[in-house]
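# Remarks on the overall topology
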Amino acid sequence: MPGSVLLFALNGIALITLSAQSSSPPETLPQTSSAVPAPTADPVQYTFSLARGAEIAAATVDQAGNVYFTGSTGVQLPATPGAFQATFAPCAAVIGTVQHPGHVACSWAFVGKLAPDGSIVWLTYLADPNGSSTIGKIAVDSHGNVYVTGTTGPVNLPSKFPISPGAFEPTPDGPDGSGMFIAALNASGSQLVYATYFNGIDLVEALFPDSEGNLYLGVRTENLVDLPLVNPLVGMAPSITSAYLAKLNATGSALLFASWLNGPGALSQVNALTVDGSGNLYVTGGCNSPAVEPCVPTTPGAFQSSMKGPSTMYVMKLTPDGALVFSTLLSGSGYGGAVGIQVGADGGIVLAGDVISAGEGQPLDFPVTAAAFQTTALKRDPISPESGFI
């Protein structure tokens, strides 16, 4: 469907096209959603489309094969009966004058769920009727509750974004009333479990809910900011670009722990999170340090305790209350980072990411085991070799 935003399910894995383009006029495009079963011989199980003017930003899949998706829209979508916000009524564009600046039409965030056959289970808006909202991350817990993070900004004050009573931070810190929010919806998309602002952060890089509804957040900040600390890890400090880790309770009313993940003077970020069956948290990301080595503190007996090049990956394990179990670096002499992390039933950690050599003529010396499936990198770029890894 030219110009539509398409969401595909391929053998249970969600794949998204974020910005399909079309030269077709708007009236030729569908203004509703549709799910079309694919032939059984085709590996594509179904395709799902939204009207032009909607953009899907993120998606995830649960163990049953349901797909959860989120994004923002400037056009009406097929919100389902009983949805938390079912009525589409965004603010219209206003032409500005010298005395009164105008604004573009508002966009509204939305969240939806598809059944394994591609049919809509539910779809709801999650919006500020007085402004715009966007969502960039989504996660689902074992009970089907959905967690999202995004931004909202009112065009007409005051903001009417549905912050819940007793929220961790009930008001935004943006000078124009804008702010970063975290929200949870129940499994049917009919009720808001909570919504709170989280001020001072620039981007949520990763989020992962545990079985009790607590939400782990991996955050990046781009300035020296004063974020709340609860039982912080020793040896960590903020910098101009810093990773920050927090655990929000199941009602969105308080932080259970919060800490910087950054050595003093270093630059760092969180890339991925996961939780094991006992509630222990596993974190991976990347860091570099022009002045301090290593760029995150490591624990005694770590696999790698010193940096071999300008940047490194790190892997950490924390208990459910935020105590550090171990912290290690993982790198060669070049650049790279893990973008995914999982934990097996035996406690083994699986990482996936990419590595790049330190420069022209430099080796790709990432640590590889002797019996690995592939022990040398395929040099796609002979000048600066790079490779993925697991």
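Up top is the structure these notes are about.
Below is a summary of the structure that appears in this document.

The rules we used
Residues numbered from 1 in each chain as written. Predicted model: local features only at pLDDT ≥ 70, side-chain atom pairs only at ≥ 80, totals over all residues. Heavy atoms only, no water. Helix = DSSP H or I, 4+ residues; strand = E, 2+ residues; numbered from the N terminus. Buried < 20%, exposed > 50% of the residue type's maximum accessible area, 1.4 Å probe, protein only. Contact = heavy atoms within 4.5 Å. 1 Å grid on protein atoms, 1.4 Å probe; cavity = no way out; pocket = protein on both sides within 12 Å on 5 of 7 lines; lining within 4 Å. Points joined across faces, edges and corners; volume = space filled by probe spheres on them. Nonpolar A, V, L, I, M, F, W, Y, C, P; charged D, E, K, R; others polar. Salt bridge = Lys/Arg side-chain N within 4 Å of Asp/Glu carboxyl O. Disulfide = S-S within 2.5 Å. Polar contact = N/O pair within 3.5 Å; in protein donor to acceptor, adjacent residues only side chain to side chain. Core = buried A, V, L, I, M, F, W, Y, C linked by side-chain atoms within 4.5 Å.

Assignment of secondary structure puts F88 in the loop between β6 (67–73) and β7 (108–114). Assessed through its relative accessible area of 18%, F88 is described here as buried. Separated by 14 residues in the primary sequence, F88 and G74 have C-alpha atoms spaced 9.5 Å apart. Look past the residues within four positions of F88 in its chain and what remains in contact with it is T73, G74, V75, Q76, W108 and Y125.

Let us now look at unusual backbone geometry. Look at N231: it is not a glycine, yet its phi comes out positive at around 50 degrees. Tracing the sequence through the fold places N231 in the loop between β14 (215–221) and β15 (242–248). Take N231: its relative accessible area is 55%, and that puts it in the exposed class.

The next thing to look at is the layout of surface pockets. Size it by volume and the largest pocket reaches roughly 990 Å³. Elements with a contribution of two residues or more to the lining of the largest pocket: β5 (54–61), β9 (131–140), β13 (203–209), β17 (267–275) and β21 (335–343). Along the lines of polarity and charge, the residues of the lining of the largest pocket split into 16 nonpolar, 10 polar and six charged.

Under the defined criterion, the tally for this structure stands at two salt bridges. Among the salt bridges present, the one from R220 reaches E205, with a minimum N-O distance of 2.9 Å. One end of the pair, R220, is in strand β14; the other, E205, is in strand β13, and 15 residues separate them in sequence. Classification of E205 by relative accessible area gives buried; the value is 15%. The partner of R220 in a salt bridge is E222, with the nearest N and O atoms 2.8 Å apart. By relative accessible area, which is 33% here, E222 ends up partly exposed. Three or more residues joined by partner-sharing salt bridges are found here, namely E205, R220 and E222.

Okay, the state of the cysteines next. A complete count under the given rule lists one disulfide for this structure. Here C287 engages in a disulfide with C295; their sulfurs sit 1.9 Å apart. A torsion of 50 degrees about the S-S bond marks the disulfide between C287 and C295 as right-handed. You can call C295 buried: its relative accessible area is 0%.

Moving on: the side chain of S242. Position of S242 relative to the elements: it lies in strand β15. Its relative accessible area of 0% is what places S242 among the buried residues. Among the polar contacts listed, one links the side chain of S242 to the backbone nitrogen of S239, at a separation of 2.5 Å. Beyond its immediate stretch of four places on either side in the chain, S242 contacts V219, R220, T221, W260, N262 and S268.

Generally speaking, a soluble globular protein has its nonpolar side chains buried in company with each other. If you look at the biggest cluster of nonpolar residues, it comprises 42 residues, and the most contacted ones within it are Y244, L261, L281, V283 and Y314. No other element matches β15, which puts five residues into this core. Those residues in contact with L281 that sit more than four places away from it in its chain are Y216, L245, F257, L273, T274, V275, M316, K317 and L318.

In short, geometric facts, not functional conclusions.
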